[in-house]
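Structural overview for review
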2 protein chains.
Amino acid sequence: MGVHAGTEPLHRATAILGKKWHPLLLYTLLTEGPLGFNDMKSRVDGISDKVLSEALDDLQEAGLVVRDVVDDKPVRVNYSLTPAGRDLEPIIEGLLEWSREHLTESR
Amino acid sequence: MGVHAGTEPLHRATAILGKKWHPLLLYTLLTEGPLGFNDMKSRVDGISDKVLSEALDDLQEAGLVVRDVVDDKPVRVNYSLTPAGRDLEPIIEGLLEWSREHLTESR
DNA sequence: CAGTATCCAAATAGATACTG
DNA sequence: CAGTATCTATTTGGATACTG
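For clarity, every value in this text was computed on a predicted model and none was experimentally measured.

Calculation notes
Residues numbered from 1 in each chain as written. Chains lettered and ligands numbered in written order. Predicted model: local features only at pLDDT ≥ 70, side-chain atom pairs only at ≥ 80, totals over all residues. Heavy atoms only, no water. Salt bridge = Lys/Arg side-chain N within 4 Å of Asp/Glu carboxyl O. Helix = DSSP H or I, 4+ residues; strand = E, 2+ residues; numbered from the N terminus. Buried < 20%, exposed > 50% of the residue type's maximum accessible area, 1.4 Å probe, protein only. Axes fitted to C-alpha atoms, helices over the stretch in contact; angles between N-to-C directions. Parallel < 35°, antiparallel > 145°, perpendicular 65-115°, else oblique. Contact = heavy atoms within 4.5 Å. Buried area = accessible area lost by both parts, 1.4 Å probe. Near = heavy atom within 4 Å. Polar contact = N/O pair within 3.5 Å; in protein donor to acceptor, adjacent residues only side chain to side chain. Least-squares fit on C-alpha atoms with pLDDT ≥ 70 in both.

**Overview of the pattern of salt bridges**
Side chains that differ in sign of charge can pair as their charged atoms come close. Residue and element names in this part refer to chain A. Per the counting criterion, the structure on display carries twelve salt bridges over all chains. The residue Asp 58 makes a salt bridge to Lys 19 at a minimum N-O spacing of 3.4 Å. A residue pair is termed long-range when its members are at least 10 positions apart, and Asp 58 in helix α4 (residues 49–61) and Lys 19 in the loop between α1 (8–17) and α2 (22–32) qualify at 39 residues. Note that Lys 41 is salt-bridged to Asp 49, the shortest N-O span being 2.7 Å. Relative accessible area serves as the criterion here: at 31%, Lys 41 is assigned to the partly exposed category. What makes Asp 49 partly exposed here is its relative accessible area of 41%.

**Brief notes about the packing of helix α6 (residues 89–102) of chain A against helix α1 (residues 8–17) of chain B**
The N-to-C vectors of α6 of chain A and α1 of chain B enclose an angle of 95 degrees; their axes lie 8 Å apart at closest approach. With respect to α1 of chain B, the axis of α6 of chain A lies roughly perpendicular. On α1 of chain B, the residues that touch Ile 92, Leu 95, Leu 96, Trp 98, Ser 99 and Arg 100 of chain A of α6 of chain A are Pro 9, Leu 10, Arg 12, Ala 13 and Leu 17 of chain B.

**Digging into the interface of chain B and chain A**
Taken together, the 46 residues of chain B in the interface contact 46 residues of chain A. Summed over both sides, the interface of chain B with chain A buries roughly 3,900 Å², with 68% coming from carbon and sulfur. Among the residues of chain B in contact with chain A, Leu 10, Arg 12 and Trp 98 of chain B are the three that bury the most area, contributing 16% of the side total. Taken together, the connections running from chain B to chain A amount to zero salt bridges.

**Some remarks on the protein's contact with DNA strand D**
Taken together, 15 residues lie around DNA strand D, and Lys 20 and Lys 50 of chain A together with Ser 53, Arg 67 and Tyr 79 of chain B are the ones closest in. Taking all atoms of DNA strand D within 4 Å of the protein, the share assigned to sugar and phosphate is 64%. Within the side chain of Trp 21 of chain A, a nitrogen or oxygen atom sits 2.8 Å from a phosphate oxygen of DNA strand D. One nitrogen or oxygen atom from the side chain of Asp 49 of chain B is found 3.2 Å from a base nitrogen belonging to DNA strand D.

**Focus on the environment of Val 70 of chain A**
All names here are of chain A. For Val 70, the location among the structural elements is in strand β1 (residues 65–71). Its relative accessible area of 45% is what places Val 70 among the partly exposed residues. Along the backbone, Val 70 and Leu 10 are 60 residues apart, and their C-alpha atoms lie at a distance of 35 Å. Look past the residues within four positions of Val 70 in its chain and what remains in contact with it is Arg 76, Val 77 and Asn 78.

**Details of helix α2 (residues 22–32) of chain B**
Across the eleven residues that make up α2 of chain B, a large majority, nine, are buried. Listed in full, the buried residues belonging to α2 of chain B are His 22, Pro 23, Leu 24, Leu 25, Leu 26, Tyr 27, Thr 28, Leu 29 and Leu 30 of chain B.

**A short note on the relation of the copies chain B and chain A**
Each copy superposes on the other: chain B lies on chain A with an RMSD of 0.1 Å after a rotation of 180 degrees and an axial shift of 0.0 Å. The two molecules are tied by a two-fold rotation axis, judged by turn and shift. Residues of chain B ranked by C-alpha distance from the rotation axis are headed by Gly 18 of chain B, positioned 1.8 Å from it. A high fraction, 98%, of the interface residues of chain B reappear at the interface in chain A, so the copies pair face to face through one surface.

Below is the structure:
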């Protein structure tokens with residue numbers, strides 16, 4: 001009974017990638033990073049300060065993103081990917097391709 | 001302003017794969033399917049009837065899973081993957097591998 | 001520029017009981 | 001066997017205003 005052994009990694013992965021904005025934030029950093037807070041915000045349509053801030057914290061805690069304070073006065077911060085974050089590239093690209101192929105909007 | 005063009009497919013993909021149980025259900029069908037309702041339930045630890053039922057509906061509507069009534073008296077149903085669902089295999093496998101490599105439980 | 005503080009709404013998940 | 005019906009709890013996401 002119960003789940004077979006290899007299932008927890010999938011749970012851990014979807015606990016991160018299942019958040020509404022996380023894949024898009026990672027993809028944004030992948031293709032356009034490193035970026036500052038407001039640069040991220042302007043590239044991700046519809047996200048609020050609070051949600052972006054929380055999401056970046058979350059990704060940082062998961063070890064996928066690093067936050068560097070590069071200057072103060074005014075404060076300047078750079079968000080970029082860790083190696084773990086960069087290793088998601090083929091997966092996100094694959095997902096993107098799969099989606100284009102199989103997920104049409106009119107379903 | 002706004003997100004760059006290629007972003008909607010990612011949204012559509014995560015609208016499905018971002019649900020708590022969906023990737024695990026797909027993976028279960030991928031590795032052990034086709035399966036009946038209770039067979040699914042016994043393989044997915046902790047899921048309730050209601051949540052499983054809703055999730056399968058959702059996956060069906062997204063075109064990733066098919067439901068076949070193979071017998072009645074007693075009713076017997078088989079859930080299996082569509083080609084679109086099967087095409088997720090490399091992605092889910094990749095995610096699994098990535099997770100094992102980078103996501104340790106103690107973070 | 002880069003956030004935090006509040007307060008609120010919506011979406012998801014779960015427990016329990018029951019049905020064709 | 002394969003679900004549905006309720007009702008509740010929890011988790012996320014969002015709007016608005018304010019701060020170092």
